[in-house]
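Coordinates in review
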Amino acid sequence: MAAVFFGGPVAAQTTKNGDDPAFLAISAGYHDILDDNEAFEGRLEYRHNDKFWIFKPFVGAMATHEEAVYGYAGVLVDVYLGRRWVLTPSFAPGLYRKGDGKDLGGAIEFKSQLELSYRFDNRARLGIGFSHMSNASIYDSNPGVETLFVTYSHPLGGR
């Protein structure tokens, strides 16, 4: 079973642009880790393989156990630190609904994030990251929220 997720040669997963394929990323972590309102957070993202200059588009959805939800779309950059390590900063605006969670001041929120991942032979990635979400002071209240998370990114297509 582990070979399905982590095995296989890197060369077997080339794409039309010679870079990594698209990914389905699944994340779990602690939402609002720097405040007293900690909640479990889960995320699902589709990370496209096409580049526009150095940027790759992605879309995602986040939910907490307190019924807060956030849908977003943005850009990311993969910075390769050798063959195995990938540093991925990203930015995404989106729409937030607080549910029973933290009031972030309004519906429009911006998420910035930094993720460090280990890249396996089949191009799957396992990483840890930190994100910040806030409304950039477009509303009167801007408390923000930080999340510490773990991500597994499964490569799609091209075997």
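Heads up: these notes are all about the structure in this document. Throughout this description, residue numbers start from 1 for each chain and increase along the sequence as written. Where local features are concerned, this predicted model is filtered to residues with pLDDT of at least 70; where side-chain atom pairs are given and counted, the filter is 80 or more; whole-chain, interface and lining totals use all residues. Only hydrogens and water are set aside when side-chain values are computed; all heavy atoms of the structure are taken into account.

When a carboxyl oxygen of Asp or Glu lies within 4 Å of a side-chain nitrogen of Lys or Arg, that pair is called a salt bridge. Applying the stated criterion across every chain, the model contains 13 salt bridges. With a shortest N-O distance of 3.8 Å, E45 and K111 are connected by a salt bridge. Of the two residues, E45 sits in strand β2 (residues 39–47) while K111 sits in strand β7 (residues 108–119), which places them 66 residues apart along the sequence. This pair shows no difference in class: E45 is buried, exactly as K111 is. As a salt-bridge pair, D78 and K56 come within 3.1 Å of each other at their nearest N and O atoms. Linking D78 in the loop between β4 (69–76) and β5 (79–81) with K56 in strand β3 (residues 56–64), this pair joins segments that are 22 residues apart in sequence. Taking the relative accessible area as the measure of exposure, K56 reaches 2% and is therefore buried. Numbering goes from the N terminus for both helices and strands, where a helix is a DSSP run of H or I of at least four residues and a strand is a run of E of at least two. Only protein chains enter the area calculation, which uses a 1.4 Å probe; residues under 20% of their type maximum are buried, those over 50% are exposed, and those in between are partly exposed.

For D121, the position within the fold is in the loop between β7 and β8 (125–134). Residue D121 is classed as partly exposed on the basis of its relative accessible area, which comes to 30%. C-alpha separation for the pair D121 and R83, spaced 38 residues apart in sequence, amounts to 9.6 Å. For the purposes of these results, a polar contact is taken to be a pair of N or O atoms within 3.5 Å, where, inside protein, one atom must be able to donate a hydrogen and its partner to accept one; residues adjacent in sequence count only when each atom of the pair is a side-chain atom. Of the polar contacts made by the side chain of D121, one reaches the side chain of R84; its length is 2.4 Å.

The subject of this paragraph is the nonpolar core. Note on soluble globular proteins: their nonpolar side chains tend to be buried together. By convention a nonpolar core is built from buried Ala, Val, Leu, Ile, Met, Phe, Trp, Tyr and Cys residues, the set being connected through side-chain atoms within 4.5 Å. Core analysis: the largest hydrophobic core is formed by 11 residues, namely F58, M62, A68, Y70, Y72, L76, A92, Y96, L104, M133 and V145. The element contributing the most residues to this core is β4, with three residues. When residues no more than four places from it in sequence are discounted, the contact partners of Y72 are R43, L44, E45, F58, V59, G60, A61, M62, A92, P93, G94 and K111. Contacts: residue pairs with any heavy atoms within 4.5 Å of one another.

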